[in-house]
Amino acid sequence: MENKLPTSDQNFVESLIPQRFPFVMVNSITDYSENHLISGFEIKEENIFVQNRVFQASGLVEHQAQSVALHTGYKFYLLGKEAPTGYIGAIKTFEATALPELGDQLTSEISILNELMGVTLVDVVTKVNDEIIAKSQMKTVIM
């Protein structure tokens, strides 16, 4: 597979994370570095977190967690290895100031703060049209 970024190749993006349809909440990678990733996701009507045309906060949390998984998956892809399965270990903070609607394009920027023995502490900022709608800090755990 080609690894040039940015990419919105859905099959490639899905190959980097353990989730499968209908539970996939990322569909693009715009930028990647060892401690950083920018992901994207378009809100569509068939999404399981959409209620009355609004993407719920639980969907935002899942999108953010999958953005972290996407970082790990892409890192392992570059190393020629299969990505491990990970889990949300803890959500230290989560704040949503707005909920996106159908057709909105989420852009999330993750920043790796610390990574030790399979536990990663990250800050995540999610935007719609360059406006911050959600922020979180979470720990993820690789099995």
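Residues numbered from 1 in each chain as written. Predicted model: local features only at pLDDT ≥ 70, side-chain atom pairs only at ≥ 80, totals over all residues. Heavy atoms only, no water.

**A look at the side chain of N27**
Checked against the element boundaries, N27 lands in the loop between α1 (10–15) and β1 (28–33). In contact with N27, not counting residues within four places along its chain, are T7, S8, Q10, V13, G40, F41, E42 and Q105. (Helix = DSSP H or I, 4+ residues; strand = E, 2+ residues; numbered from the N terminus. Contact = heavy atoms within 4.5 Å.)

**Concerning the environment of R53**
As for its position among the elements, R53 is in the loop between β3 (50–51) and β4 (54–55). Distance in space between the C-alpha atoms of R53 and E101 is 5.6 Å, their sequence separation being 48 residues. Beyond its immediate sequence surroundings of up to four residues, R53 is in contact with P100, E101 and L102.

**A closer look at the sheet that holds strand β6 (residues 105–116)**
If you walk across this open sheet you meet the 6 strands as β1-β2-β6-β7-β8-β5, and the pairing is antiparallel. Of all strands in the sheet, those with a lone pairing partner are β1 and β5 (86–96), marking the two edges. Averaged over all adjacent pairs, the angle separating strand axes in this sheet is 20°, with direction ignored. Sheet topology places β5 next to strand β8 (residues 131–142); 9 bridges connect them, and they run antiparallel. The partner of I91 across the bridge, within β8, is M138. (Pairing = 2+ DSSP bridges. Axes fitted to C-alpha atoms, helices over the stretch in contact; angles between N-to-C directions.)

**Digging into the pairing of strand β7 (residues 119–128)**
Where burial is concerned, the two faces of β7 differ: the one with T120, V122, V124, T126 and V128 is buried and the one with V119, L121, D123, V125 and K127 is not. One ladder, built from 10 bridges, connects β6 with β7; its direction is antiparallel. Along β7, the bridge assignment pairs S111 with D123. Between β6 and β7, which follow one another and run antiparallel, lie 2 residues, and M117 among them has a positive phi close to 50°. (Buried < 20%, exposed > 50% of the residue type's maximum accessible area, 1.4 Å probe, protein only.)

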